[in-house]
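# Examination of the molecular architecture
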Amino acid sequence: MRQIIKIAWRNVWRNKLRSFIVIASMILGLWSGLFSASMMSALNNQRINSAIKSQLSHLQIHHPSFQDNYDIKYQINSLNEVLEALDENKKVASYSSRIVLSGMASTARGATGVKLIGADHINEKNITDIHSHIVKGTYFSGSTSRQAVIGQELAEKLKLDIKKSIYLTFVNENGLQERLKLKVVGIFKSGNSMFDGSHMFAKKDYLDKIFGKKDIIHEVALVSNDINQVKELKDELLVAFPDNEIELWSEISPELGYANEMLSFFLYIFMTIILIALSFGIINTMLMAVLERKRELGVLMSVGLNKSKIFLMIAFETLFISIVSVPLGVLISYITISYFGDVGIDLSIVEEGLEQFGMGARLYTELYLDYYINITLLTFLLTFISSLFPARRALKLEPAVAVRSI
Amino acid sequence: MNVIETKNLKKIYSQGEIKVNALNDVSINFKQGEFTAIVGPSGSGKTTFLNTLGGLDKPTFGNVMIDNLDITKLKANKIIDFRLRNIGFVFQSYNLIPVLTAKENIEFIMLMQGYSKEKRNKRALELLDAVGLSKESKRRPGQLSGGQQQRVAVARALASKPKFILADEPTANLDSSSTKNLLDIMYDLNRKEKMTFIFSTHDQRVIDRAKRVITLEDGKILSDKIT
């Protein structure tokens, strides 16, 4: 076997130029595939992270009927027990109890449907990153209670600016319309224009005063210490509080969850297509190598190299090309993905389009380790499959004819 | 004692609709220690005959018995193994493995036979010495002259201690000095070690050194002379 491996290795380097071209094409193919995958993965993750940080959080708790029509009478069941459990659970990093009002925001210039989130604005900073996306004004300030922080899209829609008043009309617990007057103190731009056009934040203290009680909570949004533990955390809470609806971010926003699942499936399809295209290059090269060495293969068969060893020799030659090119391709990909993962890629030229999908203008490439590993294994598998055709061609040679080949 | 016996060997090739009788009812025996030249014009069936003796080609009819074993009945992998252990080949174009050194080319056959590293090394050096190429052991075929390559090919053929060596026009690509050198080596091996050599050749220098000359024409034995 050692001798077969030695011959195969030396055969790879007999025609250095050809081997370098195949190796370079494999490196380039792997790099372009992995780098493109990292961009797609980054776009998707950025969209998910943006949604998680600005609106979804990791997990949300509601009354089972609340999300059907945002009726404010559907408040969280056993609220104190729920909050106590969250305080004690070590998987919970932070949570925010919110009042959520769905209604019509209006000014003298126009009206639009919005969702008002009333939360403890200091605690809310641990859950959402709206405070870091203020483009005008401040994220609540002073002791004035009627403050509102609104999205930039909403401000543009209603021609609003700082210090201007905004009215929110909503249906109260008794089924009657009620109107709040708030003063805009800050305008945020989260990177998701749809969210920015339909959300505003207010101080919970003020809403408590309006409702005349402090225990009205429609939503608890929480962030876990580890996103991978969120599913487990949800199951624990579901067992403890079966009369509440507890949803993961991917359930609250199923389109994001599906997109995430689809993306990882799509990335493998994408890489497989690239690798299949590369495989044809390998097949072509190895076939040429076999056909131009017919006489030599005939001699090897004549002097006693049996068919399984001829097969192994061709398979090893193909494998060696991969052994050289795959680590290099993966390493170069890793270096470039890590580099652009740090400095980012400037996509400001398509910023507006990206914002529609909740993505920022700077893309930080990223790719999971298991993807690198799986693609490496897939490449070796496809390389092995690629060796079958040339090896089979070699096995069909008749030694008596092959030794006389030119 | 017969090393090889052929019985009614026929080999028919199809060239389109035309059938060519490359071998036509050839029955002949070869004894241990013979130094035989098979001669005849181009297309007379010399190479086909050697290939059939070596199990590289299967006859259409007839048998090839080597030490009373009919090799025409052996399956593909069995015949490869049989060749490895019993038959040495020397080809017209040397046909060494270009990526292996002279010594590695000789060792390769022994490796296939499962010789230990020490035995391989010892025999390869002995054989290189026998063909006068001790100093060239680390050179690859591309760094050797045609004559030197053919001497390595002879050493390779001898490596597995075969029952006989089949050489297809071994001197066709060699100059006179290399031809003489090669023939001397093979003649010595035949004389000292009783190694059986069967050549196909056009070369009068080889024919002159042969102890037996078989002439083929149109796939038939025209004459069989002991010299």
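Anything mentioned here points back to the structure above.
Note that the structure is a prediction, hence the values are computed from the model and not measured.

It is worth spelling out a positive patch on the surface at this point. A cluster of basic side chains, namely Arg146, Lys163, Lys181 and Lys183 of chain A, defines a positive patch on the protein surface. With respect to the element layout, Arg146 of chain A can be found in the loop between β4 (134-137) and β5 (147-151).

So, on to the sheet that holds strand β4 (residues 61-66) of chain B. All names here are of chain B. Spatially, β2-β1-β4-β5 is the arrangement adopted by the four strands of the open sheet, whose pairing is antiparallel. The outermost strands of the open sheet, each flanked by one partner alone, are β2 (18-31) and β5 (69-70). Across five bridges, strand β1 (residues 2-15) lies against β4 in antiparallel orientation. Residue pairing across strands places Ile4 opposite Ile66, the latter belonging to β4. Sitting on the sheet, helix α1 (residues 46-53) is in contact with β1, β2 and β4, with an inclination near 60° to β2.

We now examine the packing of helix α2 (residues 16-56) of chain A against helix α15 (residues 369-395) of chain A. All names here are of chain A. Axis separation between α2 and α15 bottoms out at 12 Å; the angle between their running directions is 145°. In this structure, α2 meets α15 at a crossing whose hand is right-handed. For the pair α2 and α15, the contacting residues are Met26, Leu30, Leu34 and Ala37 in the first and Tyr371, Tyr372, Ile375, Thr379 and Thr383 in the second. Of the residues contributing to the contact of α2 with α15, the split by class is seven nonpolar, two polar and no charged.

Residue and element names in this part refer to chain A. Tallied over the entire structure, the rule returns 21 aromatic pairs over all chains. Between Phe266 and Phe270, the ring centres sit 6.2 Å apart and the planes meet at 25°, which makes this aromatic pair stacked. Separated by four residues within a single helix, Phe266 and Phe270 lie in helix α11 (residues 254-291), roughly one turn from each other. On the numbers, 5.0 Å between centres and 80° between planes, the contact of Tyr339 with Phe340 is edge-to-face.

Of note in this structure, Lys163 of chain A is not a glycine but carries a positive phi near 75°. In this fold, Lys163 of chain A is placed in the loop between α6 (152-157) and β6 (165-171). Given a relative accessible area of 67%, Lys163 of chain A falls into the exposed group. Here the phi dihedral of Asn8 of chain B falls at roughly 50°; this positive angle occurs in a residue that is not glycine. Within the secondary structure, Asn8 of chain B is located in strand β1. Owing to a relative accessible area of 41%, Asn8 of chain B belongs among the partly exposed residues under this scheme.

Reading the values: rules and limits
Residues numbered from 1 in each chain as written. Chains lettered and ligands numbered in written order. Predicted model: local features only at pLDDT ≥ 70, side-chain atom pairs only at ≥ 80, totals over all residues. Heavy atoms only, no water. Patch = residues over 30% accessible without salt bridge, like charges linked within 9 Å, V, L, I, M, F, W, Y side chains within 5 Å. Areas by Shrake-Rupley, 256 points an atom, 1.4 Å probe, with all protein chains shown as cover. Salt bridge = Lys/Arg side-chain N within 4 Å of Asp/Glu carboxyl O. Lys, Arg positive; Asp, Glu negative; His and termini not counted. Charge placed at Lys NZ, Arg CZ, Asp CG, Glu CD. Helix = DSSP H or I, 4+ residues; strand = E, 2+ residues; numbered from the N terminus. Pairing = 2+ DSSP bridges. Contact = heavy atoms within 4.5 Å. Axes fitted to C-alpha atoms, helices over the stretch in contact; angles between N-to-C directions. Left-handed = near helix turned anticlockwise from the far one by under 90°. Nonpolar A, V, L, I, M, F, W, Y, C, P; charged D, E, K, R; others polar. Phe/Tyr/Trp six-rings, centres within 6.5 Å; stacked < 30°, edge-to-face > 60°. Buried < 20%, exposed > 50% of the residue type's maximum accessible area, 1.4 Å probe, protein only.

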